[in-house]
Amino acid sequence: EQNINVTKFSIDELSLQCINDLLSFEFCLPKRHTQNLAQLVHQKTRGNPIFVVEFLRSIIQKNLMTFSVKSRRWTWDDTAMDLQMISEGVLELLTEKLKQLPSDVIEALKVISCLGQANISTIELLDLGEFVPNMFEALESAIKEGIVERAGPVFAFCHDMLQESTYNLIPPDKRKPLHKMIGMN
């Protein structure tokens, strides 16, 4: 038997300012030029350092961020990046996070996973206490955790595989009755 010393440390979430500082330093650009990118990265990753690295790696690999020889600086398309889904590595971490959510949030996510996405009027119809005591509150918690995104009146999963993982949390024999209950509302 060997004695192994283990040091455990935690890394807090990165603030918007920290992400902007990082991007400004790494891409050799003034902070005012990286502010929009930092906001987008922070929104997509919720400041999780591992997610930040994975997201940046993903957008560079997909050529959504490139070095322009002509302008001698990094350039990117904010709109294309905003539509970018999170990478598979991040997905695995989010799936683990999903399992640690409060039960009412998981139940709300199960309902939304049956629909794919839902707008506010659909959620209002479902928010009658049959599924979850407060569907909107549960979905807001899911947004804060980076599981669901809200674009105007529409709530949708950040990644289709995350939706599938959530749907798979529903036992197979409970899926048809859940779909029926949702349809009846």
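Before reading on, note that the structure itself is shown above.
Residues numbered from 1 in each chain as written. Predicted model: local features only at pLDDT ≥ 70, side-chain atom pairs only at ≥ 80, totals over all residues. Heavy atoms only, no water.

1. A few points about the packing of helix α6 (residues 103-115) against helix α9 (residues 160-168)
Here's step 1: Running from N to C, α6 and α9 cross one another at 115 degrees; their axes reach a closest spacing of 8 Å. You can see that α6 and α9 cross each other, and the crossing is left-handed. Residue-level contacts link Leu109, Lys110, Ser113 and Cys114 of α6 to Gln163, Thr166 and Tyr167 of α9.
Here's step 2: Among the residues forming the contact of α6 with α9, the class breakdown is three nonpolar, three polar and one charged. (Axes fitted to C-alpha atoms, helices over the stretch in contact; angles between N-to-C directions. Helix = DSSP H or I, 4+ residues; strand = E, 2+ residues; numbered from the N terminus. Left-handed = near helix turned anticlockwise from the far one by under 90°. Contact = heavy atoms within 4.5 Å. Nonpolar A, V, L, I, M, F, W, Y, C, P; charged D, E, K, R; others polar.)

2. Overview of the pairing of strand β5 (residues 154-157)
Here's step 1: Where strand β3 (residues 117-119) lies against β5, three bridges are found, and the strand directions are antiparallel. Bridging from a neighbouring strand, asparagine 119 pairs with valine 154 of β5.
Here's step 2: Across four bridges, strand β4 (residues 148-151) lies against β5 in antiparallel orientation. Pairing of arginine 150 across the sheet is with phenylalanine 155, part of β5. (Pairing = 2+ DSSP bridges.)

3. Side note on the sheet that holds β3
Here's step 1: Read from one edge of the open sheet, three strands run β3-β5-β4, paired in antiparallel fashion. Of all the strands in the sheet, the pair left with one neighbour each is β3 and β4. Taken over all neighbouring pairs, the strand axes of this sheet differ in orientation by 20 degrees on average, direction set aside.

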